[in-house]
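As a plain string of letters, each chain reads:
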Amino acid sequence: MQGAPKEMVMGEVYKVPTAWSRDSLCNLADYQRLYRQSLEDSDTFWREQAKTLKWDKLPTRIKNVSFVDPVSIKWFEDGELNVSVNCVDRHLKDRADQVAIIWESDDPGVDRKITYRELHEKVCRLANVLKDQGIKAGDCVTIYLPMIPEAAYAMLACARIGAMHSVVFGGFSPDSLADRIDDSGAKLVITADAGVRGGKHVPLKANADAALKRTTQQPRLLVFNHAGTAVEMVSGRDFDATDLMAEASPFCEPVAFNAEQPLFILYTSGSTGKPKGVLHTSGGYLLYASMTHRYVFDYQDGDIYWCTADVGWVTGHSYIVYGPLANGATTLMFEGIPSYPTISRFWEVIDKHKVSIFYTAPTAIRALMQQGDDPVRRTSRQSLRLLGSVGEPINPEAWRWYYRVVGDERCPIVDTWWQTETGGILITPLPGATDLKPGSATLPFFGVDPAIVDGEGRELAGVTEGNLIIRDSWPGQMRTVFGDHERFVQTYFSTFKGAYFTGDGARRDEDGYYWITGRVDDVINVSGHRLGTAEIESALVAHEAVSEAAVVGFPHDLKGQGIFCYVTLQKGIEPAEALRKELVAWVRREIGPIATPDIIQWAPSLPKTRSGKIMRRILRKIAANEFDNLGDVTTLAEPAVVEELITERRTF
Ligand code: 6R9
């Protein structure tokens, strides 16, 4: 198992403060009662919850799910709604002048506040532009934008007309973008001249141009001018998005869509092959995102809520855009990075905008913790009342620092475990209900039925450790892998019959609390970003000098896990420092900077079983410098290979 927090201090408990159990949306008694109902009388529970959305046609069929052949997941299937109406129009009556989005630019002197009224107008105009471009319900639009409000406008404009969006993280390379455009069959790409991060430009338009040189799909490009950099516009293919929005009508009549209308595709890495297009649909996803946002963050009127994720990841989808806006919240969107222009930037932004709820990733907390307490202490942070963590296991040391220094021992921390596939948070404390233990994601959310099983699928009771599965569906669950339902079934429903397999390992303690120990498959989690080892391996072997490669994660103080590559060179090619550098740059170019290898070790050959399978378990141990307990090595075809690799590993 990888990435497990080094220390799991079981005795350490932070009780729910009295004021929280009194004033929050949900105390322990509420949680226990509602949780029980959500499992025992699930239809009644979800029928009631569904009323928090605005439906054009209220659903009468609540849940229609099979986790065994043929796997099929449907929620609220006869209901009809429009997602953008739920996130925008329905708030106009009471909160048209309330700020919906606070945009904080990379430049600390620049920000923008967009009210719900303005958001409505922008979404309508952009939806009309999409229609003018021929986009229809069911079509796919790729969004390749920096962290600017236009990203939210674009997502909601697609939702308004029933088109799916596929947001591609701005840090992905042209090749990765091209793969995603082709797989989704995108008819249009929305991008900007450039993004700005830490004072540097990210050339998005140039990347999109490069991507379109190799796609089969030939979509048009809508380009926002954000950074003011010069771009080449291809006549007849590229259009200035701001100009078109200015000409478009400020009203777009919303249409009601079925609850199971696809809302978006989001590509995520798995243990094999290329990233898969995780498909989420409308009614169930929106209900689950908004409900978890409300309960987990105890969102109440007047809160200023900030999630530091990028909209290119699922956290940005559910907890910057859909969840908060469906709840009529004020959501902050930050373009920059935590260390620019100073390492106090996060805390300065909190003071500037009086942020009360702050949600970030352990990797950022660890990096900031390394800088000491002073950069935090010199800011006030008095507006904060709740902190959140997501993306990877948080080590107790980082948890305690977050609690003590950032939150001044005043703010509960919600450690939220979930996945791109789950659409929203599944295991988490509720701040008014759940006593906290540093490093534990604690207890399941309403409607979530987790279990721990051994390698044969036998359920393990009580205090135990094993593979984490979810026994029944929840409304935010992904519906399929876009274009490949068989892969969906294989990946998630074939390992343990009749249950959703998360790919994570977990421990359960004597209070029934879950402690996520990390991935049990060939996915690694680098700074909270998911990467498939197979993707990096195929990038490496695409280089002419490489004959074979095996990639594993290894413990990394800041990133959680780092990328360790064992590379076997082609016959006649000698290992060299220049080649090592070239391979690092090559992988960055093929996938993107988040996939930059940390260590490349030359491997004359790789340890394999007699049937030719690479023994990754052993490679992980060697990468982690754990040479003493390699486990069972009796199936190795050539034991000497392992000795060679260990000898080499000891040299650096
Ligand atoms: C939301 C998101 C999912 C994987 C997941 C797990 C890890 C996420 C975690 C956590 C421990 C937490 N993960 N949150 N592990 N504690 N609070 O991150 O989605 O990018 O799909 O990654 O991240 O391993 O399986 P995604």
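Nothing here was measured: the structure is a model prediction, and the numbers come from that model.

K.L.:
Which residues make up the site of the ligand, and what values go with them?
P.N.:
Around the ligand, 17 residues are found, and the nearest of them are Asp415, Thr416, Thr420, Asp504 and Arg530. Note that an oxygen atom of the ligand is positioned 2.5 Å from one of the side-chain N or O atoms of Asp504. A distance of 2.8 Å separates an oxygen atom of the ligand from a polar atom in the side chain of Arg530. In isolation the ligand exposes 530 Å². Once the protein is present, 96% of that is buried. Of all the secondary-structure elements, those providing two or more residues to the shell around the ligand are α12 (314–326) and β25 (514–519).

K.L.:
Break down the sheet that holds strand β19 (residues 386–389) for me, citing the residues and quoting the values.
P.N.:
As summarised here, the arrangement of the seven strands in space is β5-β4-β17-β16-β18-β19-β20, forming an open sheet in which the pairing is mixed. Of all the strands in the sheet, the pair left with one neighbour each is β5 (111–115) and β20 (413–415). The mean inter-strand angle of the sheet, taken between neighbouring strand axes irrespective of direction, is 20°. Bridging between strand β16 (residues 304–307) and strand β17 (residues 330–334) involves three bridges; their strand directions are parallel. Along β17, the bridge assignment pairs Tyr305 with Thr331. Against the sheet, α12 engages β4 (99–104), β16, β17 and β18 (357–360), with an angle of about 160° to β16.

K.L.:
I'd love a proper account of the nonpolar core, names of residues and values included.
P.N.:
Of all hydrophobic cores here, the largest spans 122 residues; its most connected members are Leu119, Phe297, Tyr322 and Phe446. With 10 residues, the single largest contributor to this core is helix α7 (residues 149–161). Excluding residues that lie within four positions of it along the chain, Phe446 makes contacts with Cys26, Tyr31, Leu34, Tyr35, Ser38, Phe45, Trp46, Tyr288, Met291, Tyr295 and Leu430. Ranked by size, the runner-up nonpolar core spans 39 residues in total, among them Tyr144, Ala539, Ala549 and Leu569.

K.L.:
Account for the sheet that holds β25, with residues named and values stated.
P.N.:
Taken together, four strands build an open sheet; the order of strands is β21-β22-β24-β25 and the sheet is antiparallel. Both edges of this open sheet fall to β21 (450–453) and β25, since each of them pairs with a single strand only. For this sheet, the mean inter-axis angle between neighbouring strands, taken without regard to orientation, is 45°. Bridge count between strand β24 (residues 500–508) and β25: five bridges; the pairing is antiparallel. Bridging from a neighbouring strand, Asp504 pairs with Arg519 of β25.

Reading guide: rules and limits
- Residues numbered from 1 in each chain as written.
- Predicted model: local features only at pLDDT ≥ 70, side-chain atom pairs only at ≥ 80, totals over all residues.
- Heavy atoms only, no water.
- Near = heavy atom within 4 Å.
- Polar contact = N/O pair within 3.5 Å; in protein donor to acceptor, adjacent residues only side chain to side chain.
- Areas by Shrake-Rupley, 256 points an atom, 1.4 Å probe, with all protein chains shown as cover.
- Helix = DSSP H or I, 4+ residues; strand = E, 2+ residues; numbered from the N terminus.
- Pairing = 2+ DSSP bridges.
- Axes fitted to C-alpha atoms, helices over the stretch in contact; angles between N-to-C directions.
- Contact = heavy atoms within 4.5 Å.
- Core = buried A, V, L, I, M, F, W, Y, C linked by side-chain atoms within 4.5 Å.
- Buried < 20%, exposed > 50% of the residue type's maximum accessible area, 1.4 Å probe, protein only.

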